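Inside the fold
Here is what each chain is made of, one letter per residue.
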Amino acid sequence: MPLTTISVLALGGTIAAVPDASGRNATMDLDADQIVRSIPAVAGVAEVRPESFRRLGSAELGLADVTALAERIDELAATGIDGVVVTQGTDTLEETAFLLDRLVAADLPVVVTGAMRNAGLPGADGPANLLAAVRVAASPLAHGVGTLVVMNDEIHAARFVRKGHATSPATFESPGIGRLGWVAEERVRIPLVPRSRSPRVTRPDAASSPDVALVKLSLDDSPRLLELISAKDYAGAVIEVYGAGHTSRRALDALGALAARMPTVFASRTGVGEVHTSTCDFGGSELRLLERGLIPAVALDGLKSRLLLTLLLAAGTDRAGITAAFENAAE
Ligand code: ASP
């Protein structure tokens, strides 16, 4: 039987990095071909087709890069490729995965992976992560579950995963939900699958993608930053508020003014769980935010809310559509 064909699209990051002779100062010198060739075992899993798509640190990636990547994945799917692995820096990996989940139209497995330790460090995790990612992308179990993140032999859904540690190879987690599955030796297990795929969103026009601000509230901060955003040319804003949807009384006027100027979403700054809509009726509670026209992020964290709002605004979605899209994102 012919081997499954998997495209490996490399964007850069630590998985592409090698240190200098001193063992420090790593630079992103490896292209897709070199990354794949450094792991002979992948050849036994799939026919792997490496492609260097970008060579950038993940902080340098933009919406335009990820949109182009989604287009490329759809092109590859149309040529009959069976699955795709994307390698990139881990710092914004959860954001790329979330965007691909919404922007790739084809129904092939898409798996995003990276490395926390570069090729020159003891315990370099790139090879194991790439091998596991290829195994998952080649697995029939990875069909119809949306974009996945595979790191540290764990399989996470793009809609829940986040980077949770600055340096640990076990940095990726899906708090409140847990991983969907795991890889052990050559076996892929995905016992949990999301009930439905995330709805696809129209691809944004890179030249005119809307700017959405993301602000986290903190104890005793002043509303000045919110006022500043109101005065600037943002298309929308996401505010990470306290707990289940609370803010201080003194932030309310600025939040109301902001929501009157642009779609403004409130997410929990805890990053986990759903914001309330009818539990508390005090000072700066969720009722006050709703009265002022803010839209609940429901169960999305701030980073993902910002991306979803950006995509929705780029697609010309109205307020009711935005509210419904956040509601659906939790299901
Ligand atoms: N330290 C990062 C990484 O884990 C660098 C990046 O995100 O590009 O790959």
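This section reports on the structure supplied with the text. What you are looking at is a predicted structure, and each value in this text was computed from that prediction instead of being measured.

1. Quick word on the side chain of Glu240
Its location among the elements puts Glu240 in strand β12 (residues 236-241). Residue classification places Glu240 among the buried residues on the basis of a relative accessible area of 11%.

2. Quick look at unusual backbone geometry
One non-glycine residue, Asp153, lies in positive phi territory at about 65°. Examined against the element boundaries, Asp153 turns out to sit in the loop between β5 (148-151) and β6 (154-157). Classification of Asp153 as partly exposed rests on a relative accessible area of 36%. The phi dihedral of Glu185 is positive, around 50°, even though this residue is not glycine. As for its position among the elements, Glu185 is in the loop between β9 (181-184) and β10 (187-189).

3. Points about the environment of Arg189
Looking at the secondary structure, you find Arg189 in strand β10. Separated by 102 residues in the primary sequence, Arg189 and Thr87 place their C-alpha atoms 21 Å from one another.

4. Looking at the site of the ligand
Close to the ligand lie Gly13, Thr14, Gly57, Ser58, Gly89, Thr90, Asp91 and Ala115, which account for all nearby residues. One of the side-chain N or O atoms of Ser58 is found 2.6 Å from an oxygen atom in the ligand. For the ligand, an oxygen atom lies 2.3 Å from a polar atom in the side chain of Thr90. Here the ligand, which alone exposes 260 Å², has 81% of that area covered by the protein.

5. Description of the sheet that holds β12
If you walk across this open sheet you meet the four strands as β11-β12-β13-β14, and the pairing is parallel. Where the open sheet ends on each side, the last strands, each with one partner, are β11 (212-216) and β14 (295-296). Running at roughly 160° to β12, helix α8 (residues 302-314) makes contact with β11, β12 and β13 (264-268) of the sheet.

6. With respect to the nonpolar core
Ranked by internal contacts, the top residues of the largest apolar core, which has 49 residues, are Ile73, Leu100 and Phe326. Listing elements by their share of this core, those giving two or more residues are α2 (63-78), β3 (83-87), α3 (93-103), β4 (110-113), β5, β13, α8 and α9 (319-329). Setting aside chain neighbours within four positions, we find Phe326 in contact with Val265, Pro296, Ala297, Val298, Leu300, Ser305, Leu308, Leu309 and Leu312.

7. Examining the side chain of Ser198
Relative to the assigned elements, Ser198 resides in the loop between β10 and β11. Ser198 sits in the buried class, given a relative accessible area of 5%. In this structure, Ser198 is in contact with Asp101, Arg102 and Arg159, ignoring residues within four places of it in sequence.

8. Describing the sheet that holds strand β1 (residues 5-10)
Ordered in space as β2-β1-β3-β4-β5-β6-β9-β10, the eight strands form an open sheet in which the pairing is mixed. Pairing within the sheet leaves two strands with one partner each, and these edge strands are β2 (47-52) and β10. Pairs of neighbouring strands in the sheet enclose a mean axial angle of 25°, with direction left out of account. Two strands pair when backbone bridges link them, and β6 and β9 are joined in this way by two bridges, in the antiparallel orientation. Its bridge partner lying in β9, Ile155 is registered against Gly181. Packed onto the sheet, α2 meets β1, β2, β3 and β4 and runs at close to 160° relative to β1. Along the sheet, α3 makes contact with β3, β4 and β5, crossing β4 at roughly 170°.

Conventions adopted
Throughout this document, residue positions are counted from 1 along each chain, in the order its sequence is written. Confidence filtering applies because this is a predicted model: local features only for residues at pLDDT of at least 70, side-chain atom pairs given and counted only at 80 or more, and all residues used for totals across whole chains, interfaces and linings. By convention in this description, side-chain values take in all heavy atoms of the structure and omit both hydrogens and water. Under the scheme used here, helices are H or I runs from DSSP no shorter than 4 residues and strands are E runs no shorter than 2 residues, and both carry numbers assigned from the N terminus. Only protein chains enter the calculation, and the probe is 1.4 Å; a residue is then buried if its accessible area is under 20% of its type maximum, exposed if over 50%, and partly exposed in between. In these notes, residues near a molecule or strand are those with any non-hydrogen atom within 4 Å of it. Pairs of N or O atoms within 3.5 Å make up the polar contacts considered here, provided that, within protein, one atom can donate a hydrogen while the other can accept it, and that residues adjacent in sequence are counted only when both atoms are side-chain atoms. Throughout, the Shrake-Rupley method with a 1.4 Å probe supplies accessible areas, and for residues the shown protein chains are the sole cover considered. The pairing criterion is simple: DSSP has to find at least two bridges between the two strands. By the convention used here, residues are in contact when the closest approach between their heavy atoms is within 4.5 Å. Orientation is described by axes fitted as lines to C-alpha atoms, over the contacting stretch for helices, and by angles from 0 to 180 degrees between their N-to-C directions. Put simply, buried Ala, Val, Leu, Ile, Met, Phe, Trp, Tyr and Cys residues joined by side-chain atoms within 4.5 Å make one nonpolar core.

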